[in-house]
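The primary structure of each chain is shown beneath.
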Amino acid sequence: MKIFTAQQIREADAYTIRQTPISSLDLMEKAAIACTAWICRHYSEYTPVYVFCGLGNNGGDGLAITRLLRNRGYDAHAYVLHHSSKASADHTANRNALQQQYPAAIHDIAENGLLPQPDAHALIIDAILGTGLSRPVEGWTAAVIGQINDLKAAHELVAIDIPSGLQADASSLHTTVIRADHTLSFEFYKLAFLLPENATFVGDICILPIDLSPDYIAQTPSRFHITDAFQIKNIYRPRKPFSHKGTFGHALLIAGSEGKMGAAVLSAKACLRTGVGLLSCHVPACGYDIIQISAPGAMCFIDEQKDHSSSFHTHLPNAEAAAKYKTIGIGPGLGTAAGTCWAFEKLLEHYHQPMVIDADALNLLGSSPAMLDKVPAGSILTPHPKEFERLFGKTANDVERLEVLSENAVKRKLNILLKGRYTAMAFPDGSIWFNTTGNPGMATGGSGDVLTGILTSLLAQGYTPRDAMLMGVWLHGLSGDHAAAERSEEAMIAEDIVEFLGKSFLELRRQLSC
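Residues numbered from 1 in each chain as written. Predicted model: local features only at pLDDT ≥ 70, side-chain atom pairs only at ≥ 80, totals over all residues. Heavy atoms only, no water.

The name given to the protein chain in an unreviewed UniProt entry is Bifunctional NAD(P)H-hydrate repair enzyme, with Chitinophaga pinensis as the source organism. In its Subunit (unreviewed entry) section, the UniProt entry covering the protein chain states "Homotetramer." (UniProt positions renumbered as here; feature names shortened; annotations may be inferred.)

1. Section: the overall build of the protein chain
The helix and strand inventory of the protein chain stands at 20 helices and 18 strands. Each principal axis of the C-alpha atoms in the protein chain carries an extent, and together these give about 85 × 50 × 40 Å. Counting contacts in the protein chain only where the partners sit at least 6 residues apart, residues at least 24 apart contribute 72% of the total. Accessible surface for the protein chain amounts to roughly 21,000 Å². Of this, 53% is attributable to carbon and sulfur atoms. Of the side-chain charges in the protein chain, 42 are positive and 52 negative, and the distance between the mean point of each set is 6 Å. (Helix = DSSP H or I, 4+ residues; strand = E, 2+ residues; numbered from the N terminus. Contact = heavy atoms within 4.5 Å. Areas by Shrake-Rupley, 256 points an atom, 1.4 Å probe, with all protein chains shown as cover. Lys, Arg positive; Asp, Glu negative; His and termini not counted. Charge placed at Lys NZ, Arg CZ, Asp CG, Glu CD.)

2. A few points about the packing of helix 2 (residues 24-42) against helix 3 (residues 57-71)
For the pair helix 2 and helix 3, the least separation of the axes is 9 Å and the interaxial angle reads 55°. One finds that helix 2 runs oblique with respect to helix 3. The way helix 2 lies across helix 3 gives a crossing that is right-handed. Between helix 2 and helix 3, the contacting residues are Met-28, Glu-29, Ala-31, Ala-32, Ile-33, Cys-35, Thr-36, Ile-39 and Cys-40 on the first element and Asn-57, Gly-60, Asp-61, Ala-64, Ile-65, Arg-67, Leu-68 and Leu-69 on the second. (Axes fitted to C-alpha atoms, helices over the stretch in contact; angles between N-to-C directions. Parallel < 35°, antiparallel > 145°, perpendicular 65-115°, else oblique. Left-handed = near helix turned anticlockwise from the far one by under 90°.)

3. A look at the UniProt feature "domain: YjeF N-terminal" (unreviewed entry) in the protein chain
Mapped onto the present numbering, the UniProt feature "domain: YjeF N-terminal" (unreviewed entry) falls at residues 9-218. End C-alpha to end C-alpha, residues 9-218 measures 13 Å, and it is 38% helix and 17% strand.

4. Thoughts on the side chain of Ser-479
Summarising the element assignment, Ser-479 is placed in helix 18 (residues 465-487). Polar contacts involving the side chain of Ser-479 include one to the side chain of Ser-504, which spans 2.9 Å. In contact with Ser-479, not counting residues within four places along its chain, are Ile-497, Phe-500, Leu-501 and Ser-504. (Polar contact = N/O pair within 3.5 Å; in protein donor to acceptor, adjacent residues only side chain to side chain.)

5. Details of the UniProt feature "domain: YjeF C-terminal" (unreviewed entry) in the protein chain
UniProt records the feature "domain: YjeF C-terminal" (unreviewed entry) at residues 228-508, using the numbering of this structure. Taken as a whole, residues 228-508 contains 47% helix and 12% strand, while its terminal C-alpha atoms sit 12 Å from one another.

6. What to know about the packing of aromatic side chains
All chains considered together, the criterion is met by nine aromatic pairs. Measuring from centroid to centroid gives 5.6 Å for Tyr-50 and Tyr-79, while their planes differ by 5°, and the two rings are stacked. In this pair, Tyr-50 sits in strand 2 (residues 49-53) while Tyr-79 sits in strand 3 (residues 76-81), placing the two residues 29 residues apart along the sequence. Side by side, Tyr-50 and Tyr-79 carry an identical accessibility label, which is buried. Between the NZ or CZ atom of Arg-237 and the centre of the ring of Tyr-463, over which it lies, the distance is 4.4 Å. (Phe/Tyr/Trp six-rings, centres within 6.5 Å; stacked < 30°, edge-to-face > 60°. Buried < 20%, exposed > 50% of the residue type's maximum accessible area, 1.4 Å probe, protein only. Lys NZ or Arg CZ within 6 Å of the ring centre and 35° of its normal.)

7. Structural notes on the pairing of strand 7 (residues 182-186)
Most of strand 7 sits out of view: five of its five residues are buried. Alternating positions in strand 7 separate into two faces, His-182, Leu-184 and Phe-186 on one and Thr-183 and Ser-185 on the other, with burial throughout. In this sheet, strand 7 lies alongside strand 6 (residues 156-160) in parallel orientation, the contact comprising three bridges. When the bridges of strand 7 are listed, Val-158 appears paired with His-182. (Pairing = 2+ DSSP bridges.)

8. A word on the sheet that holds strand 10 (residues 250-254)
Each strand in a sheet pairs with its neighbour through backbone hydrogen bonds, running either in the same direction (parallel) or in the opposite one (antiparallel). Taken together, 11 strands build an open sheet; the order of strands is 1-9-18-17-16-15-14-13-10-11-12 and the sheet is mixed. Looking at which strands have only one partner, the edges of the open sheet turn out to be strand 1 (2-3) and strand 12 (299-302). Here strand 9 (residues 224-226) runs beside strand 18 (residues 432-434); their pairing, made up of three bridges, is parallel. Among the inter-strand pairings, Ile-226 is bridged to a residue of strand 18, identified as Phe-434.

9. Things to note about the domain arrangement of the protein chain
One frequent convention defines the size of an interface as the accessible area lost when the parts assemble. In terms of domain boundaries, the protein chain breaks down into domain 1 (2-222) and domain 2 (231-381 + 431-513). If you average the C-alpha positions of domain 1 and of domain 2, the two centres end up 44 Å apart. (Domains from an automatic or database assignment.)

10. What about the packing of helix 18 against helix 20 (residues 501-513)?
Two elements in contact, helix 18 and helix 20, have axes whose closest approach is 8 Å; the angle formed by their N-to-C orientations is 110°. In terms of orientation, helix 18 and helix 20 fall into the roughly perpendicular class. The way helix 18 lies across helix 20 gives a crossing that is right-handed. Residues Met-471, Trp-474, Leu-475, Leu-478, Ser-479 and His-482 of helix 18 form the contact with helix 20, whose participating residues are Leu-501, Lys-503, Ser-504, Phe-505, Glu-507, Leu-508 and Gln-511. In the contact of helix 18 with helix 20, the residues fall into seven nonpolar, four polar and two charged. (Nonpolar A, V, L, I, M, F, W, Y, C, P; charged D, E, K, R; others polar.)

11. Description of the nonpolar core
In this structure, Ile-330, Phe-344, Ile-357, Leu-365 and Phe-434 are the most contacted members of the largest nonpolar core, which totals 57 residues. Aside from chain neighbours lying at most four places away, what touches Leu-365 is Phe-344, Leu-348, Ile-357, Met-371, Leu-372, Val-375 and Leu-391. With 42 residues, the next largest nonpolar core counts Leu-63, Val-158, Phe-186 and Tyr-216 among its residues. (Core = buried A, V, L, I, M, F, W, Y, C linked by side-chain atoms within 4.5 Å.)

12. So, the sheet that holds strand 3
Spatially, the seven strands line up as an open sheet ordered 4-3-2-5-6-7-8, and their pairing is parallel. Taken across any chain shown, the strands that pair with only one partner, and hence form the sheet edges, are strand 4 (106-109) and strand 8 (204-208). Between one strand axis and the next, the sheet turns by 20° as a mean value, whatever way the strands run. Pairing geometry for strand 5 (residues 123-127) and strand 6, over four bridges, is parallel. Bridge pairing links Ile-125 to Val-158 in strand 6. Contacts between helix 3 and the sheet are confined to strand 2, strand 3, strand 5, strand 6 and strand 7, with strand 3 contributing the most and set at about 160° to the helix.

Below, the structure is given as structure tokens:
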């Protein structure tokens, strides 16, 4: 699914109006019908509804929703905020339609006028400002938004299209924005919905179809995308009947140190569960028995050091030895000892195929910028926000951080994912993809180590780095969703994500047969 800018969304509306027998007012009615249906599914007809409307098309949506809710028996009232001197044409048309049917349902609030005090258990709907906003709100409008936010303690708040005050394509950090419990948007995610800094504004997101032109959507390029099941289904390569273990690659996993062997175990188990043909693990001497008992499907090499690894580069003395491994995953629980750093640099000098680099290996790169320049093109880097900061520096906000993420992916020809609720994946072609599987239960120790194992396995099996990252992050999140459904978000541990990988693959195979 593409993520369009606010300007592109306006162009999609205009294109649909030009190319189909539908007016802008008809399109607004479709949006209002979709929102009304959602509201009626979630709130009883005995719920009082207060709809705060601006003077633009977002306010027109709110007026239409008020009329449609009234038609369904709801006690809905529209409160029109006169924050501007002129109303849009579609706003005026919907005001007239509501006035004609339900004149007592419209209430005008002049600048600096008082807001109503909603009844107990009322629903508040925000339809004040839409995607046309290009700067932070100020003055009376900002004060109104603040007053509406103050009502949240006793009332649920639903935003139409976008929470008022939120800029679709720019950072809204430290500005006044509606804090919605739910955001009902149309056809596309907005970039703003996917940024951590906006989590308290958008709440739960529901994307409602309104039949915008599929031709416009197909032919209009977008830098930002959402990964979906349809795309993963096209990436997935089911096993052929005469396959053997050599078909699915040999991976080398370099992980673990004293006190952190659990990370190596989780990564190794995930790698095996994702289908790698052969897995070799390089661990410090203290981890030999742990790996052999916990992951008997993996072969194991031990380091000359007892508590950390400093000789893993010796697996690759020449090009022939390096070619033995389709890929290398490095970092989970590795530690940052001086000997480990030295060995990692040697490894980068001898291995030139795409790798998966995570955790302490990323911290080692962050401490030595010259090493980062040696990372093989096409490699996958998997930082969380703090690791990202150590690698590429601090940023002022999430929009700026996305730009830094993309710039480094393009400049260094790397595939870089930034972990989060909607993990952002940047590719060397400049595109950024967001993943929507996963849940808060995955915020548990070892979850990232599992992801490293999944990615390493897919790379070893011959998936391109791009496909491995898209599919790997999606599988990781989906397995977490299965684990949460079975065991709850609170009780989930990283081992559960590994355990439910099988269920995720079965779901993928079922989708292929549909």
